[in-house]
Amino acid sequence: DQQVKQNSPSLSVQEGRISILNCDYTNSMFDYFLWYKKYPAEGPTFLISISSIKDKNEDGRFTVFLNKSAKHLSLHIVPSQPGDSAVYFCAASGRVDTGGFKTIFGAGTRLFVKA
Amino acid sequence: GAVVSQHPSWVICKSGTSVKIECRSLDFQATTMFWYRQFPKQSLMLMATSNEGSKATYEQGVEKDKFLINHASLTLSTLTVTSAHPEDSSFYICSARESLNEKLFFGSGTQLSVL
């Protein structure tokens, strides 16, 4: 049962244009959402996050939008740069029954930014 | 930002041997660390939650006797793959959570190849 879904395995964008990566989740207990960027054979690096009490968070070229009613979030990168080419993972976090936090990742979207 | 060190970055071993992977939080104390596994072109799959001073919590389908986790201190968690087989070959990544927020910091990962 995939609780966090990234339905687009890949996305190709021209340099300078906007990249939009989408993510859907199914579990209402998630209250914190994160985006990570990953290069091959490296650990993911944190990009940006958003709490469920917000609907938008911006950090430089990166903006995350959250639509709680639709259980949907998206990452916008503008303008896109060739160095942004990587795999982007969406993650959702929330408390579990045991009292701790659990973070579940989507399958990732590979972004190609063409020069 | 916080630093998580993971060692070794890659290991090749013979089938039937055991491999230990270390995960250290270098500049913060992590009461909880997480171990993930990633197959090529797939998402990060949570294997287990490692709690300092207590038993790890394993996800469904993960053999606890196969993947031994020890979290002996607030800065160190280890994952031991016991009697490794070729199907255990994968990319293993640890992460740690800073106190008071839900941002995960990741190690650089360990590529395990079992011959």
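Residues numbered from 1 in each chain as written. Chains lettered and ligands numbered in written order. Predicted model: local features only at pLDDT ≥ 70, side-chain atom pairs only at ≥ 80, totals over all residues. Heavy atoms only, no water.

Chemist: If you had to explain the sheet that holds strand S1 (residues 4-7) of chain B to someone new, which residues and values would you point to?
Modeler: Residues and elements named next belong to chain B. As summarised here, the arrangement of the 4 strands in space is S1-S3-S8-S7, forming an open sheet in which the pairing is antiparallel. The sheet is open, and its two borders are formed by S1 and strand S7 (67-73), each paired with just one other strand. Between one strand axis and the next, the sheet turns through 15° on average, direction left out of account. Relative to strand S8 (residues 76-81), S7 runs antiparallel, the two sharing 5 bridges. (Pairing = 2+ DSSP bridges. Helix = DSSP H or I, 4+ residues; strand = E, 2+ residues; numbered from the N terminus. Axes fitted to C-alpha atoms, helices over the stretch in contact; angles between N-to-C directions.)

Chemist: Lay out the state of the cysteines with the relevant residues and their values.
Modeler: For the structure shown, the criterion picks out 2 disulfides over all chains. Paired through a disulfide, Cys23 of chain A and Cys90 of chain A show a sulfur-sulfur distance of 1.9 Å. Residues Cys23 of chain A and Cys90 of chain A are joined by a disulfide whose S-S torsion is about -70°; by sign, that bridge is left-handed. On the criterion of sequence distance, the pair formed by Cys23 of chain A in strand S3 (residues 19-25) and Cys90 of chain A in strand S9 (residues 86-95) is long-range, its members being 67 residues apart. For the residue pair Cys23 of chain A and Cys90 of chain A, the accessibility class agrees, reading buried in each case. Across the disulfide, Cys23 of chain B is cross-linked to Cys94 of chain B (sulfur-sulfur distance 2.0 Å). In this structure, the disulfide formed by Cys23 of chain B and Cys94 of chain B twists by about 80° around the S-S bond and is classed as right-handed. Here Cys23 of chain B is found in strand S3 (residues 19-25), whereas its partner Cys94 of chain B is found in strand S9 (residues 90-97), with 71 residues between them in sequence. Take Cys94 of chain B: its relative accessible area is 0%, and that puts it in the buried class. (Disulfide = S-S within 2.5 Å. Buried < 20%, exposed > 50% of the residue type's maximum accessible area, 1.4 Å probe, protein only.)

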